[in-house]
Amino acid sequence: MQKIVFVGAGAMAEALIQGWIYQEVAETNNIYMSNRSNYERLDYLSSTYGVNILQNKEQLFDADLVVLAIKPKDGKIAMEAIKPFIADNTPILTVMAGISMETVSNILGERPIARVMPNTSASIGMSASGVAFNEFVTEKQKERFIEMLDAIGIVIEVDEDKLHAVTALSGSGPAYLYYLVEAFEKAGTEFGLPKETVRKLMVQTIAGSAAMLERVKEEPNVLRRKVTSPGGTTEAGIQALEDHHFNEAISNCIKSAEARSRELAKSE
Ligand SMILES: NC(=O)C1=CN([C@@H]2O[C@H](COP(=O)(O)OP(=O)(O)OC[C@H]3O[C@@H](n4cnc5c(N)ncnc54)[C@H](OP(=O)(O)O)[C@@H]3O)[C@@H](O)[C@H]2O)C=CC1
Ligand SMILES: O=C(O)[C@@H]1CCC=N1
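Residues numbered from 1 in each chain as written. Chains lettered and ligands numbered in written order. Predicted model: local features only at pLDDT ≥ 70, side-chain atom pairs only at ≥ 80, totals over all residues. Heavy atoms only, no water.

Turning our attention to the overall build of the chain. Check the secondary structure of the chain and you find 11 helices and 8 strands. Dimensions along the principal axes, computed over C-alpha positions, put the chain at roughly 70 × 35 × 30 Å. Relative to all contacts within the chain whose residues are 6 or more apart in sequence, the contacts with residues 24 or more apart total 63%. About 15,400 Å² of surface is accessible on the chain, with carbon and sulfur atoms providing 56% of the total. (Helix = DSSP H or I, 4+ residues; strand = E, 2+ residues; numbered from the N terminus. Contact = heavy atoms within 4.5 Å. Areas by Shrake-Rupley, 256 points an atom, 1.4 Å probe, with all protein chains shown as cover.)

Next comes the structure, spelled out in structure tokens:
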């Protein structure tokens, strides 16, 4: 099994190791975690998942894969720090939003790079990931990358420039939906329902609607019309959403996130 070294041990790194360990894509004793200075965090990951803590950067040299899971703003410093210790042909998997493969190559040299935009549902094997590969990734390496990403959810290969949109949609997407559930819970409890009841109802409603979209193969507007009885409750609810420019709000949400991803690229 591959030796995988993580640079960055935060929320996204943890989601990836959870998914990869659970799906047996990687072995705990072949995963090495590193971060900037939060040693308690490393101890937590080691005791929780059985992964190793990178003791020194020399341990990078025989890595079969290095995963860059630092924030974009920390990317340059983090990559400069590992540059002297990483072998010339070691492949990189980067999850840094907005940071191009060219930027990674400019610092770490020309090498196989997969740029992935997963989401935190990877922790339970249900990520929606977009991936782009540079020209140095062999077909065999691409198969391995896809296998690793398939193991934690769905993965779709896109042109690198489209990863800004993927980040805005599915990378950040879980947060939008969690925000929506927060709003449902606020509204539901104001009618006197216990928060747990609202949570149960809405999680199943979201899961059921997602399953309908996946299985019934009908367009969302068709499925929506099947719910919307003329003059009924749904029509009243949708009208309120339209009165509050819901569509515009969602469009601005995605455009803002996509623009931020491009800003992050420029800031490198
Ligand atoms: N969270 C998400 O849902 C998603 C995140 N991503 C991407 O994943 C990346 C990480 O995000 P996230 O996990 O949320 O961020 P976190 O803040 O949770 O984790 C960032 C990690 O990077 C480490 N770090 C910072 N600087 C350095 C350095 N110089 N050398 C080594 N490690 C360093 C931090 O260490 P320390 O704690 O010691 O400072 C920390 O472990 C980002 O680029 C983000 O765009 C992509 C998809 C989804
Ligand atoms: O918010 C962020 O920048 C990261 C990238 C996508 C989800 N979280």
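Having seen it, we continue.
Moving on: the site of ligand 1. With respect to spatial proximity, 22 residues lie near ligand 1, and among them Ala-9, Met-12, Ser-37, Ile-70 and Lys-71 are the closest. Within the contact set of ligand 1, an oxygen atom lies 2.8 Å away from a backbone nitrogen or oxygen of Ser-37. Separating an oxygen atom of ligand 1 from a backbone N or O atom of Ala-97 is a distance of 3.1 Å. Against a free-state accessible area of 900 Å², the protein chains account for coverage of 80% of ligand 1. Of all the elements in the fold, those that place two or more residues in the shell around ligand 1 are α1 (11-22) and α3 (72-82). Looking at the shell around ligand 1 residue by residue, the classes come out as 13 nonpolar, 6 polar and 3 charged. (Near = heavy atom within 4 Å. Polar contact = N/O pair within 3.5 Å; in protein donor to acceptor, adjacent residues only side chain to side chain. Nonpolar A, V, L, I, M, F, W, Y, C, P; charged D, E, K, R; others polar.)

Bringing the pairing of strand β2 (residues 31-34) into the picture now. Both faces of β2 are covered, namely the face carrying Ile-31 and Met-33 and the face carrying Tyr-32 and Ser-34. Here strand β1 (residues 4-7) runs beside β2; their pairing, made up of 4 bridges, is parallel. Residue pairing for β2: Ile-4 is matched across the bridge by Ile-31. Crossover β1 to β2 through α1 is right-handed. Of the pairings in the sheet, the one linking β2 to strand β3 (residues 52-53) comprises 2 bridges and is parallel in character. Paired with Met-33 across the two strands is Ile-53, which belongs to β3. (Buried < 20%, exposed > 50% of the residue type's maximum accessible area, 1.4 Å probe, protein only. Pairing = 2+ DSSP bridges. Right-handed = clockwise from strand over helix to strand, strands pointing away.)

Following the criterion strictly, the structure yields 3 aromatic pairs and no others. Look at Phe-133 and Phe-145: their rings are 6.0 Å apart centre to centre, the planes differ by 35 degrees, and that puts the pair in the tilted class. With Phe-133 in strand β7 (residues 127-133) and Phe-145 in helix α5 (residues 139-150), this pair connects stretches of sequence that are 12 residues apart. Take Phe-133 and Phe-145: they sit in the same class, and that class is buried. A cation over an aromatic ring shows up here: Lys-3 above the ring of Tyr-32, its NZ or CZ 4.7 Å from the ring centre. (Phe/Tyr/Trp six-rings, centres within 6.5 Å; stacked < 30°, edge-to-face > 60°. Lys NZ or Arg CZ within 6 Å of the ring centre and 35° of its normal.)

This brings us to the UniProt feature "binding site: NADP(+)" (unreviewed entry) in the chain. As annotated in UniProt, the feature "binding site: NADP(+)" (unreviewed entry) corresponds to Ala-69, Ile-70, Lys-71 and Pro-72 in the numbering used here. Checked against the element boundaries, Lys-71 lands in the loop between β4 (65-68) and α3. What makes Lys-71 exposed here is its relative accessible area of 55%. Along the chain, Pro-72 turns up in helix α3. Judged by relative accessible area, Pro-72 falls into the buried class, the value being 14%. (UniProt positions renumbered as here; feature names shortened; annotations may be inferred.)

This next bit is on the environment of Met-148. Tracing the backbone shows Met-148 in helix α5. By relative accessible area, Met-148 is classed as buried at 0%. Residues Met-148 and Val-25, spaced 123 residues apart in sequence, show a C-alpha to C-alpha distance of 6.1 Å. Met-148 has contacts with Gln-2, Ile-4, Trp-20, Val-25 and Leu-65, leaving out every residue within four places of it along the chain.

This part is about the domain arrangement of the chain. Split by domain assignment, the chain resolves into domain 1 (4-163) and domain 2 (173-266). Residue-level contacts link 8 residues of domain 1 with 6 residues of domain 2. The junction of domain 1 with domain 2 conceals about 510 Å² of combined surface from both sides, 47% of it contributed by carbon and sulfur atoms. Here domain 1 and domain 2 share 1 salt bridge between them. For Arg-262, the salt bridge goes to Asp-161, with nearest N and O atoms at 3.1 Å. Put simply, domain 1 and domain 2 have 1 residue pair in polar contact (both at pLDDT 80 or more) between them. Considered class by class, the residues forming the side of domain 1 that touches domain 2 number 3 nonpolar, 4 polar and 1 charged. (Domains from an automatic or database assignment. Buried area = accessible area lost by both parts, 1.4 Å probe. Salt bridge = Lys/Arg side-chain N within 4 Å of Asp/Glu carboxyl O.)

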